[in-house]
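The lines below spell out each chain.
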Amino acid sequence: MVETAQLSSDAGGINDRVREAISSGKRPTRTILSSLLAVHDELGYLPDEAIRETAAIFDTTINEVWGVASFYTNFRFTPPGRHVVEVCWGPTCHLAGAPALIDSIQHMLRLSGEGDTEDGGVSLKYNTCLGACAQPPVLSIDHHLVGRLTADSAARAVSRVLDGA
Amino acid sequence: MPTYQELKAEADSRWMALVSEKPWIRVGAAMCGQAAGALETLAALKSRLTARGIDANLDAVGCLGLCFAEPIVDILLPGGSRLLFSNAGPDAARRIIDSYVAEGRIPDGNVLGYLGSPVDGAPDLTSLPGMRLQKRIALRNAGHVAPGDAYQYLANGGYSALRRALSVMKPADVIQAVIDSGLRGRGGAAFSTGIKWSFLVRSPGPPKYILCNCEEGDPGAFNDKGILESDPHMLLEGMSLAGYATGATNGIVFIRHGHDGPIDRTEKAIEQAYDLGLLGDDILNTGWSFDVEVSLTGESYVSGEETALMDAVEGKRAMPRFRPPFPAQVGVWGKPTNINNVKTLSYAPSIIADGSESFSEIGVNKSTGTAIICLSGHIRRPGLYEVPMGMTLGEVVNDIGGGVPGGKKLKMLQTGGPLGGLLGAESLNIRLDFDEMRQAGAILGSGGIIVADEDTCAVDMTRVLVAFCQYESCGKCFPCRMGMEHLLEIIERIARFESRPGDAELMRSVGETMEGASLCGHGQLGFGPIRSAFQHFEEDFRMHIDERRCPTGSCLRPALEIRNTRPYAVDFTPAAMPEPAGAANV
Ligand SMILES: Cc1cc2nc3c(=O)[nH]c(=O)nc-3n(C[C@H](O)[C@H](O)[C@H](O)COP(=O)(O)O)c2cc1C
Ligand code: FES
């Protein structure tokens, strides 16, 4: 059967931050998913502690919480880079040149897929549709949408943010 | 709490002040506007106004629908007409302030059109093809009112339907009006909305729920988010009407996490509606009560499927449930529930305020009212357009959208989201009609129409759609989980010119199994893109399979590694945490 969750002793403040995010986020956290979203908004990722705490709060198993966390593709489980860049590969953006745009960003960041740059500057993530399909191709930098890009202007937009950091 | 008359009087006087006292500057700042730079434009306008000491109202509004012209700056000078400027980046924005707002002089360039009495040197906005052929019902306020301001909505006739329903209509009258309007669900299945509502009436409560579905994970569709960003009060009023008609006590607006514009604006509208007595207890002093809140989902396309959606609201993995029991009996938290799409619910206020005929007289056959179309791809004027049902795809693409740019020919249309189909250029005379589109092997679905020109490879396009469907399979039922995986493998083989004999038949047999045996629409419709692509673009497939070449060269580029295996819960040990969903693997 399944393990029972326990409140672990605080490992360097992370438990407190997790608890804080769940208990005083700006939206109610009545469910496992909403609690995980609140932690993710706050920390940018779900640490192990978030899984444990959520299990404890909802009096359920770690497996149950992990099941939810692993299902939704927006969650990540390690701290993100300083900037999060999401590139759209949806069909409209694809037609408008997303493949070349993604290539050029990956080339600049020395990445070959999704993931984090070595220096921790950028986390690159693929997105199925950023919701601005009328301005393709689209990417978002730290949740800020940028559209009507070319391979070059996209790389420039990302490097501007990196330089400003 | 104020009465409706008091609210309306206050709204009218605020509106009068807004349009007559000082310049009112509106900037379209929905997600499409933001991607075109609307936030930078807003910032430039603000600082220029301050620098020049000009006192003006500056509002970030929603989407006028003319996304191709964004960022759009829309200026009303006291006592004048509205003048709209297109492609107004920060430099243009400053010029507009300097010459038009400060001196009443129309600057060169960027003029899109006027609204109201004619302005010299500018075209009438309503005469532009993108506007003239539209019939705006659910989008009638989009781009005109500040989305978070209930008073602006009230001043434009908002909440008059709710008042009418609560004061002179019985719940059954509301349902009958919706049935008579012929309204069918805009979320994909096109089921009669009035009849769906009547199922909930018979279920016991409280509590009973009205769930509004704004998952909208379909790439190429942004109309639900567009409504929430442009006019969230219309949706709230529609939900209240559904609640009143069905005896529901609670409404939940279900939105995908990460779409901050729609989420923030909806939350703000809800807060304001509570403050004004338009939600909560004793609404408009009638004794009737209804609560609405926002619920967020993580990224999962299938969470838009109505039963999976209920699991997501309950905070679980979003996987479809078996039916029966149907949501109207056992829904969210085990309670009776009605689920509708954002567009569906947003039509209700007009139907109740203007009468069912105002809706049923528009359209064709059993598809009444309007279609809210997201036009994107290789098209001159991409945008968000509301057009009468019955309009042909050709009129949408050519007359409204301006056709394919660059002198190229149209090759295909992708309609109804990734589960919809691909159509060829010969399909332009098909009408926007749920049933006619379905017969043609496409669906109207969420209203997305993606246009592709002659330089597009049908295999490449199909591969992207299938990659999406594989990536988003929730994994609950075997036919969809394994079927999508196999279909993607085969289509990738074809795209790499490595197809094997019998691949086409294999795809058909996998696809037909999925159609018959999958638990929800995702698997049941997942073969649609391939089937329709084969039907309309056989030549492209033949070239990849027999001649081992791609007509446009797009398949020479290696495909992105996108595969998702949503893992089943496994024993959790921190050291050996499994690869998360979304990681590129395989
Ligand atoms: C895989 C899948 C995804 C869906 N996604 C959505 C969605 O994002 N929004 C939506 O309104 N309906 C979606 N639907 C349809 C819903 O199941 C449901 O039919 C709809 O919300 C009912 O609303 P309506 O009667 O107003 O159309 C989806 C269906 C399937 C099978
Ligand atoms: S397809 Fe790229 S933003 Fe929608």
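Residues numbered from 1 in each chain as written. Chains lettered and ligands numbered in written order. Predicted model: local features only at pLDDT ≥ 70, side-chain atom pairs only at ≥ 80, totals over all residues. Heavy atoms only, no water.

*Asks:* Hey, could you go over a negative patch on the surface for me, with residue numbers and the actual values?
*Replies:* Together, A:Glu20, A:Asp41, A:Glu42 and B:Asp260 line one region of the surface with negative charge. Looking at the element boundaries, A:Glu42 is found in helix H2 (residues 32–43). You can call A:Glu42 exposed: its relative accessible area is 53%. (Patch = residues over 30% accessible without salt bridge, like charges linked within 9 Å, V, L, I, M, F, W, Y side chains within 5 Å. Areas by Shrake-Rupley, 256 points an atom, 1.4 Å probe, with all protein chains shown as cover. Salt bridge = Lys/Arg side-chain N within 4 Å of Asp/Glu carboxyl O. Lys, Arg positive; Asp, Glu negative; His and termini not counted. Charge placed at Lys NZ, Arg CZ, Asp CG, Glu CD. Helix = DSSP H or I, 4+ residues; strand = E, 2+ residues; numbered from the N terminus. Buried < 20%, exposed > 50% of the residue type's maximum accessible area, 1.4 Å probe, protein only.)

*Asks:* So what's going on with the site of ligand 1? Which residues, and what values?
*Replies:* All names here are of chain B. The environment of ligand 1 is made up of 18 residues, and the closest members are Gly-187, Lys-196, Glu-216, Asn-341 and Thr-344. A distance of 3.3 Å separates an oxygen atom of ligand 1 from a polar backbone atom of Arg-186. Within the side chain of Lys-196, one N or O atom sits 2.8 Å away from an oxygen atom of ligand 1. Bound to the protein, ligand 1 loses 91% of the 620 Å² it would expose on its own. Looking at the shell around ligand 1, the elements with two or more residues in it are strand E9 (337–341) and helix H21 (521–525). With three residues, the single largest contributor to the shell around ligand 1 is E9. When the residues that make up the shell around ligand 1 are grouped by side-chain class, the tally is two nonpolar, ten polar and six charged. (Near = heavy atom within 4 Å. Polar contact = N/O pair within 3.5 Å; in protein donor to acceptor, adjacent residues only side chain to side chain. Nonpolar A, V, L, I, M, F, W, Y, C, P; charged D, E, K, R; others polar.)

*Asks:* Lay out the domain arrangement of chain B with the relevant residues and their values.
*Replies:* Residues and elements named next belong to chain B. Considered domain by domain, chain B is made up of domain 1 (19–128), domain 2 (158–359), domain 3 (364–453) and domain 4 (458–569). Here domain 2 and domain 3 have C-alpha centroids that lie 26 Å from each other. On the side of domain 3, 24 residues touch domain 2, which itself brings 20 residues to the contact. Here domain 2 packs against domain 3, burying approximately 1,600 Å² in sum over the two surfaces, 56% of which is carbon and sulfur. (Domains from an automatic or database assignment. Contact = heavy atoms within 4.5 Å. Buried area = accessible area lost by both parts, 1.4 Å probe.)

*Asks:* Describe the side chain of B:Ser350, and please don't skip the residues or the numbers.
*Replies:* Residue and element names in this part refer to chain B. Tracing the backbone shows Ser-350 in helix H14 (residues 342–354). Its relative accessible area of 5% is what places Ser-350 among the buried residues. Polar side-chain contacts of Ser-350 include one of 3.0 Å to the side chain of Arg-140. Not counting residues within four places of it along the chain, the set of residues in contact with Ser-350 comprises Ile-137, Arg-140, Gly-355 and Ser-358.

*Asks:* Quick one: what's the story with the interface of chain A and chain B, residue by residue and with numbers?
*Replies:* Between chain A and chain B, the residue contacts involve 52 residues of the former and 78 residues of the latter. Across the interface of chain A and chain B, roughly 5,300 Å² is buried in total on both sides, 60% from carbon and sulfur atoms. Where chain A touches chain B, the interface holds five salt bridges. Here A:Arg27 makes a salt bridge to B:Glu267, at a shortest N to O gap of 2.5 Å. Where chain A packs against chain B, one counts 22 residue pairs in polar contact (both at pLDDT 80 or more). When residues of the side of chain A that touches chain B are traced back to their parent elements, those giving at least two are H2, helix H3 (48–57), helix H4 (62–69), helix H5 (91–95), helix H6 (98–109), strand E3 (122–127) and strand E5 (144–146) of chain A.

*Asks:* So, the sheet that holds E9(B): which residues are in play, and what are the values?
*Replies:* Residues and elements named next belong to chain B. Strand order across the open sheet formed by four strands is E8-E7-E6-E9, with parallel pairing between neighbours. On the outer flanks of this sheet lie strand E8 (291–297) and E9, each paired with one strand and no other. Averaged over all adjacent pairs, the angle separating strand axes in this sheet is 25°, with direction ignored. For strand E6 (residues 209–214) and strand E7 (residues 250–256), the ladder comprises six bridges, and the chain directions are parallel. In the strand pairing of E7, Ile-210 is matched with Gly-251. Packed on one face of the sheet, helix H9 (residues 193–201) meets E6 and E9 and runs near 160° to E9. Against the sheet, helix H12 (residues 260–275) makes contact with E7 and E8, and its axis sits at roughly 165° relative to E8, the strand it touches most. (Pairing = 2+ DSSP bridges. Axes fitted to C-alpha atoms, helices over the stretch in contact; angles between N-to-C directions.)

*Asks:* Account for the side chain of B:Arg321, with residues named and values stated.
*Replies:* All names here are of chain B. Note on placement: Arg-321 falls in the loop between helix H13 (306–313) and E9. Of note is the side chain of Arg-321, whose polar atom sits 2.9 Å from the side chain of Glu-314. Contacts of Arg-321, omitting those with residues within four sequence positions, involve Thr-307, Met-310, Asp-311, Glu-314, Val-330, Gly-331, Lys-476 and Leu-519.

*Asks:* How would you summarise the packing of aromatic side chains if you had to cite specific residues and measurements?
*Replies:* The tally for this structure, following the rule as stated, stands at 13 aromatic pairs over all chains. Centre to centre, the rings of A:Tyr72 and A:Phe75 are 6.5 Å apart; their planes meet at 90°, and the pair counts as edge-to-face. By relative accessible area, A:Tyr72 is classed as buried at 0%. Ring centres of B:Phe191 and B:Phe199 lie 6.1 Å apart, and the angle between their planes is 35°; on these two criteria the pair is classed as tilted. We classify B:Phe191 as partly exposed; its relative accessible area is 39%. Through a chain of ring-to-ring contacts, three or more aromatic side chains come together here, namely A:Phe71, A:Tyr72 and A:Phe75. Over the ring of B:Trp24 we find B:Arg26; its NZ or CZ atom is 3.4 Å from the centre of that ring. (Phe/Tyr/Trp six-rings, centres within 6.5 Å; stacked < 30°, edge-to-face > 60°. Lys NZ or Arg CZ within 6 Å of the ring centre and 35° of its normal.)

*Asks:* Give a detailed account of the sheet that holds strand E5 (residues 111–115) of chain B, specifying residues and quantitative values.
*Replies:* Residue and element names in this part refer to chain B. Taken together, the five strands give an open sheet; going across it, the order is E2-E1-E3-E4-E5, and neighbouring strands pair in mixed fashion. Because the sheet does not close on itself, it has two edges, and the strands there are strand E2 (57–61) and E5. Going from strand to strand, the sheet's axes swing by 20° on average, the running direction of each strand aside. Strands in contact with helix H3 (residues 38–51) are strand E1 (24–28), E2 and strand E3 (73–76); relative to E1, the strand with the most contacts, it is inclined by about 160°.

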